[in-house]
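Read off the chains here:
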Amino acid sequence: MDTTSCDPRYYELLEQLQTLDFALVELNLYLDTHPADLRSIQQFNQLTQERTRLAKQFQELYGPLQNFGRAYSKCPWEWSQSPWPWQV
C-alpha cells in the first residue's frame, strides 16, 4: 500500500501548490492585458519563486509532479508509482 496517501503533509503541500498555480494563472491572464504593471510582475515572479521552492520540496518527499523532463526521479523510476497528484 502506498503510504503517501495517508500522509497529511502530502495533501497540505499539494493544496499549497494548487493555490499558487491558481494565483499564477490569474496573474498571467491579467498581465496579458496589463503588461506594464510592475507590481503584478513582481508578484508573479515572487509566486513563481515560491512555487519552484515548494515543488522541489514536494518532489523530494513524494516524487515527480510532472513528467517529460519537468521533474527528476529517484531510483527506482517513480513516475509509475501512484497516486499521481491529479488523482488525489
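The shown structure was predicted, so the numbers you read here are calculated from the model rather than taken from an experiment.

Once that is clear, we can look at the overall build of the protein chain. Each helix and strand in the protein chain was counted, giving 2 helices and 0 strands. Across the protein chain, the fraction of contacts at a sequence separation of at least 24, relative to all contacts at a separation of at least 6, is 49%. With the model as given, the accessible surface of the protein chain reaches about 6600 Å², and the carbon-plus-sulfur share is 57%.

Within the largest apolar cluster, 13 residues are counted, with the highest numbers of intra-cluster contacts made by Leu17, Phe58 and Leu65. Within the residue set of this core, elements represented by two or more residues are helix 1 (8–33) and helix 2 (38–62). Here this core gets 7 residues from one element, more than from any other, and that element is helix 1. Residues in contact with leucine 17, not counting those within four places in the same chain, are Arg51, Leu54, Ala55, Phe58 and Leu65.

This paragraph deals with helix 2. End to end, helix 2 covers 35 Å across 25 residues, agreeing with the expected 36 Å (1.5 Å per residue, within 8%). Those residues of helix 2 that are buried lie in contact with helix 1. At the N-terminal end of helix 2, a side-chain oxygen is found 3.3 Å from the backbone nitrogen of arginine 39, two or three residues along, and the residue is aspartate 37.

With the rule as written, the count across this model stands at 4 aromatic pairs. With centroids separated by 5.3 Å and ring planes inclined at 45°, the aromatic side chains of tyrosine 10 and phenylalanine 58 adopt a geometry described as tilted. Of this pair, tyrosine 10 sits in helix 1 while phenylalanine 58 sits in helix 2, and the two are 48 residues apart along the sequence. The exposure class of tyrosine 10 is buried, given its relative accessible area of 2%. Its relative accessible area of 1% is what places phenylalanine 58 among the buried residues. Ring pairing ties together the aromatic residues Tyr10, Tyr11, Phe58 and Tyr62, which thus form one cluster.

Let us look at the packing of helix 1 against helix 2. Here helix 1 crosses helix 2 at 155°, and the two axes come no closer than 9 Å. Judged by the inter-axis angle, helix 1 sits roughly antiparallel to helix 2. For the pair helix 1 and helix 2, the sense of crossing is left-handed. Residue composition of the contact of helix 1 with helix 2, by class: 18 nonpolar, 6 polar and 4 charged.

Reading the values: rules and limits
Residues numbered from 1 in each chain as written. Predicted model: local features only at pLDDT ≥ 70, side-chain atom pairs only at ≥ 80, totals over all residues. Heavy atoms only, no water. Helix = DSSP H or I, 4+ residues; strand = E, 2+ residues; numbered from the N terminus. Contact = heavy atoms within 4.5 Å. Areas by Shrake-Rupley, 256 points an atom, 1.4 Å probe, with all protein chains shown as cover. Core = buried A, V, L, I, M, F, W, Y, C linked by side-chain atoms within 4.5 Å. Buried < 20%, exposed > 50% of the residue type's maximum accessible area, 1.4 Å probe, protein only. Expected span 1.5 Å × (residues − 1). Polar contact = N/O pair within 3.5 Å; in protein donor to acceptor, adjacent residues only side chain to side chain. Phe/Tyr/Trp six-rings, centres within 6.5 Å; stacked < 30°, edge-to-face > 60°. Axes fitted to C-alpha atoms, helices over the stretch in contact; angles between N-to-C directions. Parallel < 35°, antiparallel > 145°, perpendicular 65-115°, else oblique. Left-handed = near helix turned anticlockwise from the far one by under 90°. Nonpolar A, V, L, I, M, F, W, Y, C, P; charged D, E, K, R; others polar.

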